[in-house]
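What follows is each chain in one-letter form.
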Amino acid sequence: MKTINEAIGERLAHIKNIKKMDGERAAEIVYKKHPKLRKIDGDLLEVRTQIMLCAIEHDKAPVPALEKRESDLLKEREEYLKENKLPEDPSSVNVHCDKCEDTGFVTTKDGRKAVCASCMKDVLENVFVESGMKDFVTYDIKNFDINYYKDDGVRVREFKGLRKLMEGKSDKSLMLLTGGVQTGKTYLAIVSCKYAIITGLSAQYLKADRLFDLSYDDLDVLKAYDFIVIDDYAAEVTNNNKIANVLHTLLEARLASGRATVIVSSSPLEVLVADSDERIAGKLRTAGTL
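So, how was this worked out
- Residues numbered from 1 in each chain as written.
- Predicted model: local features only at pLDDT ≥ 70, side-chain atom pairs only at ≥ 80, totals over all residues.
- Heavy atoms only, no water.
- Helix = DSSP H or I, 4+ residues; strand = E, 2+ residues; numbered from the N terminus.
- Rg over C-alpha atoms; globule rule 2.2 N^0.38 Å.
- Buried < 20%, exposed > 50% of the residue type's maximum accessible area, 1.4 Å probe, protein only.
- Areas by Shrake-Rupley, 256 points an atom, 1.4 Å probe, with all protein chains shown as cover.
- Lys, Arg positive; Asp, Glu negative; His and termini not counted.
- Charge placed at Lys NZ, Arg CZ, Asp CG, Glu CD.
- Pairing = 2+ DSSP bridges.
- Contact = heavy atoms within 4.5 Å.
- Axes fitted to C-alpha atoms, helices over the stretch in contact; angles between N-to-C directions.
- Parallel < 35°, antiparallel > 145°, perpendicular 65-115°, else oblique.
- Nonpolar A, V, L, I, M, F, W, Y, C, P; charged D, E, K, R; others polar.
- Salt bridge = Lys/Arg side-chain N within 4 Å of Asp/Glu carboxyl O.
- Left-handed = near helix turned anticlockwise from the far one by under 90°.

Asks: Help me out: how do you make sense of the overall build of the protein in this one?
Replies: Broken down by element type, the protein carries ten helices and seven strands. Here the C-alpha radius of gyration of the protein, 28 Å, is well above what a compact globule of 290 residues would show, namely 19 Å. Along the three orthogonal principal directions, the C-alpha set of the protein runs to about 85 × 45 × 30 Å. Considering the protein as a whole, with its 290 residues, one finds that 40% of them fall into the buried category. Carbon and sulfur atoms provide 51% of the accessible area of the protein, an area that totals close to 16,600 Å². With 45 positive and 48 negative side-chain charges, the protein shows a separation of 3 Å between the mean positions of the two kinds.

Asks: Even after reading the chapter, I still don't get the pairing of strand E3 (residues 174–178), so can you show me in this structure?
Replies: Two faces belong to every sheet, and in a regular strand the side chains alternate between them. Counting buried positions along E3 gives four out of five residues, so the element sits mostly inside the fold. Relative to strand E6 (residues 260–265), E3 runs parallel, the two sharing five bridges. If you follow Thr 178 over to E6, its bridge partner there is Ser 265. Pairing analysis gives two bridges linking E3 to strand E7 (residues 288–289), with the strands arranged parallel. Bridge pairing in E7 places Met 175 opposite Gly 288.

Asks: For this particular structure, what's the right way to read the sheet that holds strand E5 (residues 227–231)?
Replies: Whenever strands of a sheet pair, they do so through backbone hydrogen bonds, lying parallel or antiparallel. Taken in spatial order, the five strands of this open sheet run E4-E5-E6-E3-E7, and their pairing is parallel. Strands with a single pairing partner mark the edges of an open sheet, and in this sheet they are strand E4 (203–207) and E7. Taken together, the five bridges between E4 and E5 define a ladder with parallel strand orientation. Residue pairing in the sheet places Ala 203 in a bridge with Phe 227 of E5. The strands touched by helix H5 (residues 154–166) within the sheet are E3, E5 and E6, with E6 carrying the most contacts at an inclination of about 150°.

Asks: What's the story with the environment of Asp 72 in this structure? I'm lost.
Replies: Position of Asp 72 among the secondary structure elements: in helix H3 (residues 63–84). C-alpha separation for the pair Asp 72 and Arg 285, spaced 213 residues apart in sequence, amounts to 75 Å.

Asks: I'm lost on the packing of helix H1 (residues 4–33) against helix H2 (residues 35–56) in this one. Help?
Replies: The description of two helices packed together rests on the angle between their axes and the distance between the axes. Put simply, H1 and H2 touch, their axes get as near as 5 Å, and they point 115° apart. Relative to H2, the element H1 is oriented roughly perpendicular. Taking contact as the criterion, the partners of Glu 28, Val 30, Tyr 31, Lys 32 and Lys 33 in H1 are, on H2, Pro 35, Leu 37, Arg 38 and Asp 41. Of the residues assigned to the contact of H1 with H2, the class counts are four nonpolar, no polar and five charged.

Asks: So what exactly am I meant to see when it comes to the pattern of salt bridges here?
Replies: Side chains that differ in charge, positive against negative, can pair when their charged atoms come close. The tally for this structure, following the rule as stated, stands at 21 salt bridges. Linking Glu 167 and Arg 112 is a salt bridge whose minimum nitrogen-to-oxygen distance equals 2.2 Å. Linking Glu 167 in the loop between H5 and E3 with Arg 112 in the loop between strand E1 (105–107) and strand E2 (113–115), this pair joins segments that are 55 residues apart in sequence. Judged by relative accessible area, Arg 112 falls into the partly exposed class, the value being 24%. Among the ionic pairs, Asp 232 bridges to Lys 207, the shortest N-O distance being 2.7 Å. Linking Asp 232 in the loop between E5 and helix H8 (241–257) with Lys 207 in strand E4, this pair joins segments that are 25 residues apart in sequence. For Lys 207, a relative accessible area of 25% corresponds to the partly exposed category. Connected through shared salt-bridge partners, Asp 110, Arg 112, Glu 167 and Lys 169 make up one network.

Asks: Could you clarify how one ought to interpret the packing of H2 against H3 in this entry?
Replies: Taken N-terminus to C-terminus, the directions of H2 and H3 make an angle of 155°; their axes are 10 Å apart at the nearest point. In terms of orientation, H2 and H3 fall into the roughly antiparallel class. Note on packing geometry: the crossing formed by H2 with H3 is left-handed. Only Val 63, Leu 66, Glu 67, Arg 69, Glu 70, Leu 73, Leu 74, Glu 76, Arg 77, Tyr 80 and Leu 81 of H3 make contact with H2, whose side of the interface consists of Lys 36, Leu 37, Ile 40, Asp 41, Asp 43, Leu 44, Val 47, Arg 48, Gln 50, Ile 51 and Cys 54. A class-by-class count of the residues in the contact of H2 with H3 yields twelve nonpolar, one polar and nine charged.

Spelled out as C-alpha cells, the structure:
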C-alpha cells in the first residue's frame, strides 16, 4: 500500500535528481564560457571553508581578513554576473512543471489543495489501483453526476457529507451509507475515495468480504489512514470469525483516533445492528448516517 503523498514524494525525489544533474550540466556550460566566474566561485568556496574551519578550531584571528576577502569576492561576482547578464546560480534550471512548480500539488479555485493533474496523472492512477480501485477506472470524478437523484438531491447531500467527514468536520468519524441495490452507492463510494486521494489524503477502498485477505501489516497501516471505505457490507460477513476480528480491530483503532471510516451497505441500519457480530453491532449502533 502506498499513499499519494508517498508516491508523490518518490516522484519528486526522482525529479530532484534529474534537476541536480541538469543543473550540474548547466553550470559546466556556463563555467566553460566564463572561466573567470569559475575562479571566483572556487575562491569563494575556499574562503568559506577556511571560515568554517576557524569556527571549528575556535581560531578567531584569521576571520576578519577572510570575511573581507569573501565580501570582495561577492562584489566582484555580482559585477561580473551583471556585466555578462548571467543568472545568480549557474546551476539553476527551470521547473519541470509550471502548474505546480515541482511541488506535486496545486491550489484549486475554491482554495483546496489538489494533486497536480498536469505532472502527477500517472502517479494518481497508480495510487488509485493500489488503494483498491483497480476495477473502477471508469468511475471518474469528472463523469460523476452529482444530480443522480433529481427529485430530492440525495446524492448532493451524501457527497457533501462524505467530504465533510474526510475533512474532519463531521461529529461522527464512522458513517453508514445505505440504500437499495443499484442506487449508485458504490459509484459514490469510489468517487469519494478518489476525491480524498486527489486532495492528498491517504485513502483505501475495501470490499467487506475481502477483509479476510488483509495481513496484520496491512491492518496496522490501515488503522492510520485518513479515509477508508468498506463497501458491500452485510451482517452475515461477520459470521466469518477472521473477518469479524479484522473489522473489530480496524474499527476499534479508527474510532479511538477519530479517523474517517465509511461503511456501505444495501441493508437497513436496524438489520445491520441486529444481525452483525455483537462487537461490530455496538459500533454500528453509534455510527452516523449519510
